[in-house]
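Remarks on the overall topology
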Amino acid sequence: MHNLLNGNAIISLRDTTKVYSSGATSVHALQRINLEVGRGEWVAVTGPSGGGKSTLLQILGCLDRPTSGTYRLNQRDVSRLSNDDLALMRLKHIGFVFQSFHLLPRLPVIDNVELPLIYANMGKAKRRELAIQALTRVRLENRLDHNPLQLSGGERQRVAIARALVNDPELLLADEPTGNLDSNTGAEILSLFQELHRAGKTILLVTHDASIAASTQRIIRLKDGGIVEDTFLEREKVLA
Ligand SMILES: Nc1ncnc2c1ncn2[C@@H]1O[C@H](COP(=O)(O)OP(=O)(O)OP(=O)(O)O)[C@@H](O)[C@H]1O
Ligand SMILES: [Mg+2]
């Protein structure tokens, strides 16, 4: 199926391996992964604990580098970039959402969302404008000056999603974004991702929840650092 991508993959991994070494022990967290994801795909990454899901997402998100093999993001080999160049790739192409939100508790919501744009050296007025746009997209335009600690879990995750969206990345990566939320709030967050998928974002979402995985278009299952299943679901199911 993936040769249909004809070189138009946003993500392309070739024999990608990640080994964590500390002292005498080394963990093979990813073992010769081969994977292509096309622009606009909506993918769930599942599998048992320790299978390599977070490691995979960190490499895809340019938060870490593979030990060997290659990672091409938008056709560019980013496997051996310096930390500074990886940071630039993140600013330009990637939004990352974590299970535990990773907001700065002492900063108002709007400032949390502006942070990536500060790193991008954008001026204050433009930053504000884009942060308000992103917060409107997650329907939190009425919480700009709140502190994250004054928000519910679902609202905190929506702030984190706004922060991930503020640089308008084509690739959105989420590592168990509903893991700390009750099922109703998790469903709200999922429908937000559905909306972003329909708006054209490429999304990879790690989840242990089979019903969340079933609402995407493709399920990749990782076990012991390898892809043991890669299933394309029917498009009709997603739009139903
Ligand atoms: N920074 C690290 N240093 C050493 N080993 C690590 C590190 N991060 C992960 N590992 C190991 O790599 C393997 C894969 O871990 P990873 O966090 O990718 O799994 P996961 O699929 O995300 O699991 P979970 O579902 O529990 O989040 C595990 O054996 C883990 O112990
Ligand atoms: Mg994990």
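Note that the coordinates shown come from a computational prediction; the quantities given were computed from them, not determined experimentally.

Quick word on the environment of Tyr20
Tracing the backbone through its elements, the reader meets Tyr20 in strand S1 (residues 9-22). Separated by 35 residues in the primary sequence, Tyr20 and Thr55 place their C-alpha atoms 9.9 Å from one another. A polar side-chain atom of Tyr20 sits 3.2 Å from a polar atom in the side chain of Thr55.

Structural notes on the site of ligand 1
Residues in contact with ligand 1 amount to 13 residues; listed here are only the nearest, Ser49, Gly50, Lys53, Ser54 and Thr55. Contacts to ligand 1 include Gly51, whose backbone N or O atom sits 3.2 Å from an oxygen atom. At 2.9 Å, a side-chain N or O of Ser54 approaches an oxygen atom of ligand 1. Mapped by element, the contributors of at least two residues to the shell around ligand 1 are strand S2 (25-38) and helix H1 (53-60). For the shell around ligand 1, the element with the most residues is H1, which contributes 3 residues. By residue class, the composition of the shell around ligand 1 is 4 nonpolar, 7 polar and 2 charged.

Here we look at the pattern of salt bridges
The tally for this structure, following the rule as stated, stands at 14 salt bridges. A salt bridge links Lys18 to Asp64, with the shortest nitrogen-to-oxygen separation between them at 3.2 Å. With Lys18 in strand S1 and Asp64 in the loop between H1 and strand S4 (68-73), the pair connects residues that are 46 residues apart, well separated along the chain. In this structure Asp64 comes out as partly exposed when scored by relative accessible area, which is 24%. Overlapping salt bridges, with partners in common, bring together Asp111, Glu114, Lys124, Arg127 and Arg128 in one network.

Cut-offs and rules
- Residues numbered from 1 in each chain as written.
- Chains lettered and ligands numbered in written order.
- Predicted model: local features only at pLDDT ≥ 70, side-chain atom pairs only at ≥ 80, totals over all residues.
- Heavy atoms only, no water.
- Helix = DSSP H or I, 4+ residues; strand = E, 2+ residues; numbered from the N terminus.
- Polar contact = N/O pair within 3.5 Å; in protein donor to acceptor, adjacent residues only side chain to side chain.
- Near = heavy atom within 4 Å.
- Nonpolar A, V, L, I, M, F, W, Y, C, P; charged D, E, K, R; others polar.
- Salt bridge = Lys/Arg side-chain N within 4 Å of Asp/Glu carboxyl O.
- Buried < 20%, exposed > 50% of the residue type's maximum accessible area, 1.4 Å probe, protein only.

Distances and angles like these do not, on their own, reveal function.
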